[in-house]
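Geometric and topological summary
Residues per chain, in single letters:
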Amino acid sequence: MKRLLILAAAIGLAAATGVIAIVGFGQIAATLGVIGWKALGVLIAYSAAPLSILTLSWFVLEKPWLWRRLCVYLWARLVRDASGELLPFSHVAGLAIGARAATLAGLPGPWSLAAIVVDATTELIAQVGFTLFGIVLLADHLDKHAELSGPALVGFAVTLAAAVSLVALQRRGMSFVTHLIERVLPAAAAHAVEAGGFIGELHRRTGRILLAILLHLGAWILSAAGVWLALRVAGLEVRLVNIIGLEALIGALRSAAFVAPMGLGVQEIGYAILGPVFGLSAEAAIALSLVKRARDLCVGLPVLALWQIEEGRRLVGAGRDDVLQI
């Protein structure tokens, strides 16, 4: 698995460098000089809005709603997103790290595992709807860009298949989920059986599941609106609906290529191809991609540093074996 991730990261980095070279280093640098700091400042400040919704969508699965735990979910979501975006692992590893952070912050280990699995499932279901919206918008441009219909539909199909599979596998039987947890997260094997029971319990809370899906959908839209606002502040006029469609399809591409750590290459190529379709030049689209990565660094690095400090304290106080237990 490590070799596969290293290979995927190397290919992604080469692809990102290649597409930047094709579009033109000078043009992208010039565009960054115009929009860079303004867009970055807006994205950093605005990130609190979708983060709050994402935290709430995870928190509503809580039983019962213990409001003092809301900060725990906020911290765990920060760690989860930072590790998924910045560490050279897949997003599955990011989920595991998020569950670990929640446990260290006071949530029971089995519950953390169960809640994060179900939350990730509701997020993927919401993304299906968000991606479909992007494809509908893309359809208006297919007369000029017919070659994009195939990849867009493939991305949607992969996202839909992943969401349906996750739901089906979780409803198929908790023994299967337990086995999956033990395989993917060996350090959590001791909690796997109990976590499987919690997953079954969560799936019986239909109202909360639906609420979590709606909140995730709102977070996707809100995040895209933040990108539109950043571009507008930086002086680039693009229709809000076009940016929502662009972000929907970029998100689908990244989900379909989940093996690529940090979406390296996939994100840059996606912006370079889809940006012009939705009214954003290729150089501006790639500059936007780089600004978003800078935003992730500015927000995520302090979070990861604090998380490592907490892990270090745990290591010193409890011994290494205990640290490895979720």
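Structure's up top.
Figured I'd write up the structure that's included with this text.

So, how was this worked out
Residues numbered from 1 in each chain as written. Predicted model: local features only at pLDDT ≥ 70, side-chain atom pairs only at ≥ 80, totals over all residues. Heavy atoms only, no water. Helix = DSSP H or I, 4+ residues; strand = E, 2+ residues; numbered from the N terminus. Buried < 20%, exposed > 50% of the residue type's maximum accessible area, 1.4 Å probe, protein only. Contact = heavy atoms within 4.5 Å. Salt bridge = Lys/Arg side-chain N within 4 Å of Asp/Glu carboxyl O. Axes fitted to C-alpha atoms, helices over the stretch in contact; angles between N-to-C directions. Parallel < 35°, antiparallel > 145°, perpendicular 65-115°, else oblique. Nonpolar A, V, L, I, M, F, W, Y, C, P; charged D, E, K, R; others polar. Phe/Tyr/Trp six-rings, centres within 6.5 Å; stacked < 30°, edge-to-face > 60°. Core = buried A, V, L, I, M, F, W, Y, C linked by side-chain atoms within 4.5 Å. Expected span 1.5 Å × (residues − 1).

Remarks on the overall build of the protein chain
Tallying secondary structure elements over the protein chain gives 14 helices and zero strands in all. When the helices and strands of the protein chain are listed from N to C terminus, the series reads α-α-α-α-α-α-α-α-α-α-α-α-α-α. Taken across its 326 residues, the protein chain has 49% of its residues classed as buried. Across the protein chain, contacts joining residues at least 24 apart in sequence account for 75% of those joining residues at least 6 apart.

A closer look at the pattern of salt bridges
This structure, assessed with the given rule, holds twelve salt bridges. For arginine 77, the salt bridge goes to aspartate 81, with nearest N and O atoms at 3.1 Å. Of this pair, arginine 77 and aspartate 81 both sit in helix α4 (residues 70-86), four residues apart, which is roughly one turn of the helix. With relative accessibility at 26%, the residue aspartate 81 sits in the partly exposed group. Notably, a salt bridge pairs glutamate 268 with arginine 293, separated by 2.6 Å at the nearest N-O pair. Highlighted residues: glutamate 268 in helix α12 (residues 266-277) and arginine 293 in helix α13 (residues 282-318), separated in sequence by 25 residues. Pair check on accessibility: glutamate 268 and arginine 293 agree, each one buried. Several salt bridges share partner residues, and in doing so they unite Arg77, Arg80, Asp81, Asp119 and Glu123 into one network.

What about the packing of helix α2 (residues 25-46) against helix α3 (residues 48-59)?
It is the contact of α2 with α3, at a shortest axis distance of 5 Å, that shows an interaxial angle of 25°. Taken as axis vectors, α2 and α3 run roughly parallel relative to one another. Packed against α2, whose contacting residues are Ile44, Ala45 and Tyr46, the element α3 presents Ala48, Ala49 and Pro50 at the interface. When the residues that make up the contact of α2 with α3 are grouped by side-chain class, the tally is six nonpolar, no polar and no charged.

Considering the packing of aromatic side chains
Within this structure, the stated rule accounts for four aromatic pairs. Here the aromatic rings of phenylalanine 59 and tyrosine 73 are separated by 5.6 Å at their centres, their planes lie at 75°, and the arrangement is edge-to-face. Of this pair, phenylalanine 59 sits in helix α3 while tyrosine 73 is found in helix α4, placing the two residues 14 residues apart along the sequence. When its relative accessible area of 0% is taken as the criterion, phenylalanine 59 is described as buried. Where tryptophan 111 meets phenylalanine 198, the ring centres are 5.3 Å apart and the plane angle is 85°; that geometry is what we call edge-to-face. A residue pair is termed long-range when its members are at least 10 positions apart, and tryptophan 111 in helix α6 (residues 109-139) and phenylalanine 198 in helix α9 (residues 189-203) qualify at 87 residues. According to the relative accessible area criterion, tryptophan 111 is buried, its value standing at 6%. An aromatic cluster of three or more residues is present, and its members are Trp58, Phe59 and Tyr73.

Notes on the nonpolar core
Of all hydrophobic cores here, the largest spans 31 residues; its most connected members are Leu231, Leu246, Phe278 and Leu280. Not counting residues within four places of it along the chain, the set of residues in contact with leucine 231 comprises Ile35, Leu236, Ile243, Leu280 and Leu288.

Focus on α6
The α-helix advances 3.6 residues per turn, and as a result positions three or four apart in sequence lie on the same side. Taking 1.5 Å of rise per residue, the 31 residues of α6 would be expected to cover 45 Å, and the 45 Å separating its terminal C-alpha atoms lies within 8% of that figure. Counting buried positions over the 31 residues of α6 gives 24, a clear majority of the element.

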